[in-house]
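Working through the structure, step by step
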Amino acid sequence: MPLPYWVGHFNMRITNRIMNRLAPRLPGFGVVIHTGRTSHRTYYTPVNVFRRGDHFIVALIYSQNADWVKNVLANGSCKIVTRSRVWRLTNPQIFHDPQRTVAVGPVQLILRLLRVSDFLDLRPEEFAQPQQE
């Protein structure tokens, strides 16, 4: 069960403003840069992200119904800033992993406690090199 709506609303108004500055540099975190489906505005959303080979896996803390997830799925792409590098990602796919095998150590435990088992799989554009912004 993902986090309740009110937690997401609080995080969007308060916590995300802080995390948008920290997440691009912290291991296990990143900021998804996505475009609104109807507003066409650019949004920045801090996330938990894991590298698995050439894949980027994002934990869907608020479920696959979060607006940022819908935006990424509708656009078919996004950018992510992680470890101070910008990647253009495509081919978003949601998958269910009740064992949370994509996460490691303490993150796996936290996701288990939060009952998060949905993830978004993204891949860098074919032959694309990491971008610097």
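Anything mentioned here points back to the structure above.
Before going into details, it helps to say that this report is about the structure given with it. Quick caveat, the model's predicted, so the values are computed rather than measured.

Below, the discussion takes up the pattern of salt bridges. Under the defined criterion, the tally for this structure stands at two salt bridges. Ionic pairing is found between R37 and D67, a salt bridge with its closest N-O pair at 3.7 Å. Of this pair, R37 sits in the loop between β1 (29-35) and β2 (42-52) while D67 sits in helix α2 (residues 67-75); the two residues are 30 residues apart in sequence, bridging distant segments of the chain. Residue R37 is classed as partly exposed on the basis of its relative accessible area of 36%. Here E125 makes a salt bridge to R88, at a shortest N to O gap of 2.9 Å. Placement of E125 in the segment after β6 (118-124) and of R88 in strand β5 (residues 85-96) is noted, with a sequence separation of 37 residues between them. Residue classification places E125 among the partly exposed positions, given a relative accessible area of 28%.

Counting buried positions along β1 yields five of seven residues, so the element is predominantly enclosed. Where β1 meets β2, seven bridges bridge the pair, whose relative direction is antiparallel. By the bridge assignment for β2, G30 is matched with V47. Between β1 and β2, which pair antiparallel one after the other, the connecting turn spans six residues, and H40 there sits at a positive phi close to 60°. Pairing of β1 with strand β4 (residues 77-82) involves three bridges; the strand directions are antiparallel. When the sheet's bridge partners are listed, V31 is paired in β4 with V81.

Criteria and cut-off values
Residues numbered from 1 in each chain as written. Predicted model: local features only at pLDDT ≥ 70, side-chain atom pairs only at ≥ 80, totals over all residues. Heavy atoms only, no water. Salt bridge = Lys/Arg side-chain N within 4 Å of Asp/Glu carboxyl O. Helix = DSSP H or I, 4+ residues; strand = E, 2+ residues; numbered from the N terminus. Buried < 20%, exposed > 50% of the residue type's maximum accessible area, 1.4 Å probe, protein only. Pairing = 2+ DSSP bridges.

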